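So you can see what is in the structure, the chains are spelled out below.
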Protein chains: 2
Amino acid sequence: MVLTVYIDLLSQPCRALYITLKLHNVTFKPQYISIEKGEHRTSEFTQNISRFNKLPVIDDDGFKLTESVGILRYLAKTKTIRDSYYPQDAKKQARVDEFLEWHHTNLRSLCSPYFIRKWILPKFFGKVTPADKLRPYFNQMVACLDNMERLWLNSDGLYIIGDQLTAADIWAACEIEQLTMTGYDPKIGRPKLAAFLERVRNETNPYFDEAHKEVYEYAELDKKNSKL
Amino acid sequence: MVLTVYIDLLSQPCRALYITLKLHNVTFKPQYISIEKGEHRTSEFTQNISRFNKLPVIDDDGFKLTESVGILRYLAKTKTIRDSYYPQDAKKQARVDEFLEWHHTNLRSLCSPYFIRKWILPKFFGKVTPADKLRPYFNQMVACLDNMERLWLNSDGLYIIGDQLTAADIWAACEIEQLTMTGYDPKIGRPKLAAFLERVRNETNPYFDEAHKEVYEYAELDKKNSKL
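Because the structure is a prediction, the values reported are computed rather than measured.

**Regarding the overall build of chain A**
Stage number 1. Within chain A, the regular secondary structure consists of nine helices and four strands.
Stage number 2. Secondary structure elements in chain A, listed N-terminal to C-terminal, are β-α-β-α-β-β-α-α-α-α-α-α-α.
Stage number 3. Computed over its C-alpha atoms, the radius of gyration of chain A comes to 18 Å, within 12% of the 17 Å expected for a compact globule of 228 residues.
Stage number 4. Along the longest, intermediate and shortest principal axes, the C-alpha atoms of chain A span 50 × 50 × 30 Å.
Stage number 5. The proportion of buried residues among the 228 residues of chain A is 54%.
Stage number 6. Partitioning the contacts of chain A with sequence separation of at least 6, the portion at a separation of at least 24 is 70%.
Stage number 7. Of the roughly 10200 Å² that chain A leaves accessible, carbon and sulfur atoms contribute 50%.

Right under this line is the structure:
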């Protein structure tokens, strides 16, 4: 049976997984689930797809799995994923893992709270966070992006881990790219991050742009609106 | 060369790693670094041990690695770690990974902010968070523990994944156990969680208690003080 992948491309881990699958020509059937419409919260989803009510979820011939990074590791063991993308060698894998773990408690945990309050909540749920309450979330996002520039991109390598594209780059780029929807440009003042994002996009296109189609559209629309 | 492990047992990921190493008779040289004294922030630490200024860090014959879960995966590939504890089979490993990833953005990200504000900041840095500002952190911790009970422990298995102890159990138990230092008992009203914590402790002693010695002492001291 073909691999089924439940996704919403407005979700960062979904985009990272989508690009991974496309880059490696893994055959899969995408099942689009709208987070905006709450389709991941229906009782049908809870009972038949995932009790966690989160995306992405894969269904590999009855084996259902959540958590994008866990899914990445499962795919690396069961499908044809380039070894350089997620290495099986202990030390090489450890370097990619080190970033993916850092990502969870840094990029993901410190940038998305601002994104959610600044963009998701007002856009989809009409809930506006006052500027003074947004400020601490904005500050922690900025500090985190500065750490990305300083701790991970401050070497001679083309990518986060050396000169070859790995899963670390995709998970990072998808997280950072979505911040443009809030009107904030993470590239300004961060030359290494700017070059890195451009490199990842070029290396993974057309899939990167395919995955970010809605993100770009929203970012463009918001830019236009802010000029009205 | 013997594996060097930089730890502070007041840190949850350090305790989880310590218990893992002890459970598997991995020979290692612990190097105790005091977070309270800021020893992880010195320029010597930054330059020679880790630019991330976080614990734990391992040094395996010159190969330095941070992030406890990344370290776990590295150890599973390079030392003698029971396969049932962190399986190499794709599907079995995926189930443990699924929890470890969830742990990062749930137990770790939603419980430790309360722990830090309620206990670490006043105890070590004299910084008290007012009750009304603590409340949202308390609420998110409670909701997360309820999810732990409902989503992960609501099956017939003895542990998070089936009937055998895995790394998932240790990372979870170490995170939850430290909350007792704030005076909050996560077991009350959560019978499955209570039984689970007891089971993990019994299965992994004397190492669980060794790792939690300081945690227990602080919890006891605070209990006494609150009765004065």
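**Quick look at the domain arrangement of chain A**
Residue and element names in this part refer to chain A.
Stage number 1. As assigned here, chain A comprises domain 1 (3-78) and domain 2 (90-227).
Stage number 2. Taking only C-alpha atoms into account, the centre of domain 1 sits 20 Å from that of domain 2.
Stage number 3. Facing 17 residues of domain 1, the contacting portion of domain 2 comprises 24 residues.
Stage number 4. Taken together, the two surfaces of domain 1 and domain 2 that pack against each other cover about 2000 Å², and 66% of this comes from carbon and sulfur.
Stage number 5. The interface formed by domain 1 and domain 2 contains two salt bridges.

**Description of the side chain of H212 of chain B**
Residues and elements named next belong to chain B.
Stage number 1. Mapped onto the fold, H212 is located in the loop between α8 (207-211) and α9 (213-227).
Stage number 2. For H212, a relative accessible area of 0% gives the class buried.
Stage number 3. In contact with H212, other than residues within four places in its own chain, are R15, I19, C174 and E177.

**Let's talk about the pairing of strand β2 (residues 28-32) of chain A**
Residue and element names in this part refer to chain A.
Stage number 1. Bridge count for strand β1 (residues 3-7) against β2 is five bridges, and the pairing is parallel. Among the inter-strand pairings, T4 is bridged to a residue of β2, identified as K29.
Stage number 2. Note that the unit made of β1, helix α1 (residues 12-23) and β2 has a crossover that is right-handed.

**Digging into the interface of chain A and chain B**
Stage number 1. Each side of the interface is counted separately: chain A has 31 residues, and chain B has 31 residues.
Stage number 2. Across the chain A/chain B interface, buried area totals approximately 3000 Å², and carbon plus sulfur atoms make up 57% of it.
Stage number 3. Here R73 of chain B makes a salt bridge to E101 of chain A, at a shortest N to O gap of 2.7 Å.
Stage number 4. At the junction of chain A and chain B, the tally comes to 13 residue pairs in polar contact (both at pLDDT 80 or more).
Stage number 5. Of all the elements in the fold, those that place two or more residues in the side of chain A that touches chain B are β4 (63-66), α3 (68-78), α4 (90-125) and α5 (131-152) of chain A.
Stage number 6. In terms of residues, the side of chain A that touches chain B owes the most to one element, α4 of chain A, which gives 14 residues.
Stage number 7. Looking at the side of chain A that touches chain B, its residues break down into ten nonpolar, nine polar and twelve charged.

**Let's talk about the layout of surface pockets**
All names here are of chain B.
Stage number 1. The volume enclosed by the second largest pocket comes to roughly 520 Å³.
Stage number 2. T180, M181, T182, G183 and A219 are the residues nearest the centre of the second largest pocket, which is lined by 21 residues in total.
Stage number 3. Counting only elements with at least two residues in the lining of the second largest pocket, the list comes to α4 (90-125), α7 (191-204) and α9.
Stage number 4. Top element by residues in the lining of the second largest pocket is α9. It accounts for six residues.
Stage number 5. In terms of residue class, the lining of the second largest pocket is built from seven nonpolar, four polar and ten charged.

**Some words on the relation of the copies chain A and chain B**
Stage number 1. It takes a turn of 180° to lay chain A on chain B, together with a shift of 0.0 Å along the axis; the resulting RMSD is 0.0 Å. The symmetry that links the two subunits is that of a two-fold axis. Scanning chain A for the C-alpha nearest the rotation axis identifies H104 of chain A, at a separation of 3.1 Å.
Stage number 2. In this assembly, 100% of the residues forming the interface of chain A have copies in chain B that are likewise at the interface, indicating an isologous arrangement.

**What to know about the packing of aromatic side chains**
Stage number 1. Applying the stated criterion to the full structure yields 22 aromatic pairs over all chains.
Stage number 2. Taken together, a centroid distance of 5.6 Å and an interplanar angle of 80° make the contact between W119 of chain A and F124 of chain A edge-to-face. Judged on exposure class, the residue W119 of chain A and its partner F124 of chain A are both buried.
Stage number 3. Where Y114 of chain B meets F138 of chain B, the ring centres are 5.4 Å apart and the plane angle is 65°; that geometry is what we call edge-to-face.

**Some remarks on the state of the cysteines**
Residue and element names in this part refer to chain A.
Stage number 1. Tallied over the full model, the rule gives zero disulfides over all chains.
Stage number 2. In this model C14 remains outside any disulfide bridge; the closest cysteine sulfur is found in C174, 10 Å from its own.
Stage number 3. Looking at C14, the relative accessible area reads 0%, which means it is buried.

**Section: the pattern of salt bridges**
Stage number 1. Scanning the model with the defined rule gives 18 salt bridges over all chains in all.
Stage number 2. Among the ionic contacts, a cluster of salt bridges with common partners joins R73, D97 and E101 of chain A together with R73, D97 and E101 of chain B.

**A word on empty space enclosed by the protein**
Stage number 1. Across all of its chains, the model carries one cavity of 30 Å³ or more by this definition.
Stage number 2. The space that makes up the largest cavity amounts to roughly 70 Å³.
Stage number 3. In this structure, the largest cavity is lined by R73, K77, Y86, Q88 and Q93 of chain A together with R73, K77, Y86, Q88 and Q93 of chain B.
Stage number 4. A per-class count over the lining of the largest cavity returns two nonpolar, four polar and four charged.

**With respect to helix α5 (residues 131-152) of chain B**
Residues and elements named next belong to chain B.
Stage number 1. Spanning 22 residues, α5 covers 30 Å between terminal C-alpha atoms, matching the ideal 32 Å at 1.5 Å per step.
Stage number 2. Regarding α5, the residues found buried are L134, M141, C144, L145, M148, E149, L151 and W152.
Stage number 3. Along its buried surface, α5 packs onto α4, α6 (167-177) and α7.

**Description of the sheet that holds strand β3 (residues 57-60) of chain B**
Residues and elements named next belong to chain B.
Stage number 1. Strand order in the open sheet formed by four strands is β2-β1-β3-β4, and the pairing between neighbours is mixed. Among the strands making up the open sheet, the edge pair consists of β2 (28-32) and β4 (63-66). Strand-to-strand twist in this sheet, taken as the mean axis angle between neighbours without regard to direction, amounts to 20°.
Stage number 2. Bridge count for β3 against β4 is four bridges, and the pairing is antiparallel. Note on β4: the bridge partner recorded for I58 is L65.
Stage number 3. Along the sheet, helix α1 (residues 12-23) makes contact with β1 (3-7), β2 and β3, crossing β1 at roughly 150°.

Calculation criteria
Residues numbered from 1 in each chain as written. Chains lettered and ligands numbered in written order. Predicted model: local features only at pLDDT ≥ 70, side-chain atom pairs only at ≥ 80, totals over all residues. Heavy atoms only, no water. Helix = DSSP H or I, 4+ residues; strand = E, 2+ residues; numbered from the N terminus. Rg over C-alpha atoms; globule rule 2.2 N^0.38 Å. Buried < 20%, exposed > 50% of the residue type's maximum accessible area, 1.4 Å probe, protein only. Contact = heavy atoms within 4.5 Å. Areas by Shrake-Rupley, 256 points an atom, 1.4 Å probe, with all protein chains shown as cover. Domains from an automatic or database assignment. Buried area = accessible area lost by both parts, 1.4 Å probe. Salt bridge = Lys/Arg side-chain N within 4 Å of Asp/Glu carboxyl O. Pairing = 2+ DSSP bridges. Right-handed = clockwise from strand over helix to strand, strands pointing away. Polar contact = N/O pair within 3.5 Å; in protein donor to acceptor, adjacent residues only side chain to side chain. Nonpolar A, V, L, I, M, F, W, Y, C, P; charged D, E, K, R; others polar. 1 Å grid on protein atoms, 1.4 Å probe; cavity = no way out; pocket = protein on both sides within 12 Å on 5 of 7 lines; lining within 4 Å. Points joined across faces, edges and corners; volume = space filled by probe spheres on them. Least-squares fit on C-alpha atoms with pLDDT ≥ 70 in both. Phe/Tyr/Trp six-rings, centres within 6.5 Å; stacked < 30°, edge-to-face > 60°. Disulfide = S-S within 2.5 Å. Expected span 1.5 Å × (residues − 1). Axes fitted to C-alpha atoms, helices over the stretch in contact; angles between N-to-C directions.

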